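Topology and contacts: notes
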2 protein chains.
Amino acid sequence: MTDITPEEAARHQQKMARRKALQDAKVASKTREKGLLIVNTGPGKGKSTAAFGLMLRALGHGWKVGVVQFIKGTWDTGERRAVERFADLVEWHVMGEGFTWETQDKARDIAAASRAWDKARELMARDDIRLVILDELNIALRYNYLPLEEVVATLAARRPDLHVVVTGRNAKPEMIAAADLVTEAALVKHHFNAGVKAQEGIEY
Amino acid sequence: MTDITPEEAARHQQKMARRKALQDAKVASKTREKGLLIVNTGPGKGKSTAAFGLMLRALGHGWKVGVVQFIKGTWDTGERRAVERFADLVEWHVMGEGFTWETQDKARDIAAASRAWDKARELMARDDIRLVILDELNIALRYNYLPLEEVVATLAARRPDLHVVVTGRNAKPEMIAAADLVTEAALVKHHFNAGVKAQEGIEY
């Protein structure tokens, strides 16, 4: 790119040495380990996708992972097919029956959400599982398909080393209050608005 | 949960049938297929993680994927170990040498960024690869380690069916203008602020 003068190189080195000292002190000040409640919410894309990226990282460390999908139906997705290579480590439960406008049956949606929550509690109680992903749980709570207070209390009472990821837009304030890490995905620009359709490998 | 009256069930069914009609019309109106330029930016967590989740989805469809990491050094991460199970599909290149405050050497950082960009162009030119992830490219651009105009022009001139994901905070306006899908991750709450340290399986 551009040539760097010796003075500039030295200034950069000094600045970065100071930054490293600050960074090291910051890292040293964090000492606790803790199973996290992670919430991925907001109207943007990538909430479930980030959860599955975290799953991949955990799988790389040989962790067992449990996944419960609260809304998505049984259709085939790339992520589900990909985890077939981790059949020894992943338990994946599709408990939803599709979007509310697909089922058009409120009682059936509520029953599906209850079964999904039972499965979630079962996975969280298993001490061989270190990460549980509750995909679109926020949606089920938004529609009042599950008792919010009980769900949040159960998540808060998880064992100290269990990490749980909850996804879905419109996370309830009570869920955010209970969480350790909350990321809100904002949509800046979307290709659907330019007439591009949902494509294999990207949207599913 | 709560009992549903027949009237309520019927109202719900009608509302959802209308919503499904709208949804179907919306889906039908999107007809184009297009290789997307996806940008994950913002100060929140999950930008690279979402990119690796998208990679997992693509791998499930049997796609070949190329990854170039512009900043991260050669340290071991869960995601890198996990993709060993996809050695037939993933080409993963760690081209960075660590954070700027680790190397403390601007000329070396620029040289590493240039090599990474060469590798990125090489992967994008390969027609067996359908998804290329340029992890932390935004950081290299932020520091002016690469020529912004050339990088954006090359990305914009990608072949029509190639998907590219660019991650890193502080995406340049020119990058956002060229993108099809931009998500900004906002940090709502972070466990580091509660003294919890970076943990295996979560941060790396």
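Worth saying up front: this structure is predicted, and the values here are computed from it rather than measured.

Quick look at the sheet that holds strand β4 (residues 129–135) of chain A
- The strand order across the open sheet formed by 12 strands is β3(A)-β2(A)-β4(A)-β5(A)-β1(A)-β6(A)-β6(B)-β1(B)-β5(B)-β4(B)-β2(B)-β3(B), and the pairing between neighbours is mixed. The outermost strands of the open sheet, each flanked by one partner alone, are β3 (90–94) of chain A together with β3 (90–94) of chain B. Averaged over all pairs of adjacent strands, the angle between strand axes in this sheet comes to 15 degrees, irrespective of strand direction.
- The pairing of strand β2 (residues 64–69) of chain A with β3(A) spans five bridges and is classified as parallel. Bridged to G66(A) within β3(A) is E91(A).

Examining the interface of chain B and chain A
- Residue-level contacts link 84 residues of chain B with 84 residues of chain A.
- Around 7,800 Å² of area is buried between chain B and chain A when both sides are counted, 59% of it from carbon and sulfur atoms.
- For the pair chain B and chain A, the number of links is 10 salt bridges.
- Across the pair K106(B) and E8(A) runs a salt bridge, and its minimum N-O distance is 3.0 Å.
- At the level of elements, α1 (6–29), α2 (47–60), α3 (78–82), α4 (100–103), α5 (106–125), α8 (173–178) and β6 (181–189) of chain B are the ones that each hand at least two residues to the side of chain B that touches chain A.
- With 10 residues, α2(B) is the largest single contributor of residues to the side of chain B that touches chain A.
- Of the residues belonging to the side of chain B that touches chain A, the class tally is 39 nonpolar, 22 polar and 23 charged.

Observations concerning the relation of the copies chain B and chain A
- Once turned by 180 degrees and shifted 0.0 Å along the axis, chain B lies on chain A with an RMSD of 0.0 Å. In short, the pair behaves as if placed about a two-fold rotation axis.
- Looking at chain B, 100% of its interface residues are interface residues in chain A too, so the copies touch through the same face.

About the cut-offs
Residues numbered from 1 in each chain as written. Chains lettered and ligands numbered in written order. Predicted model: local features only at pLDDT ≥ 70, side-chain atom pairs only at ≥ 80, totals over all residues. Heavy atoms only, no water. Pairing = 2+ DSSP bridges. Helix = DSSP H or I, 4+ residues; strand = E, 2+ residues; numbered from the N terminus. Axes fitted to C-alpha atoms, helices over the stretch in contact; angles between N-to-C directions. Contact = heavy atoms within 4.5 Å. Buried area = accessible area lost by both parts, 1.4 Å probe. Salt bridge = Lys/Arg side-chain N within 4 Å of Asp/Glu carboxyl O. Nonpolar A, V, L, I, M, F, W, Y, C, P; charged D, E, K, R; others polar. Least-squares fit on C-alpha atoms with pLDDT ≥ 70 in both.

Purely spatial values, then, with no claim about function.
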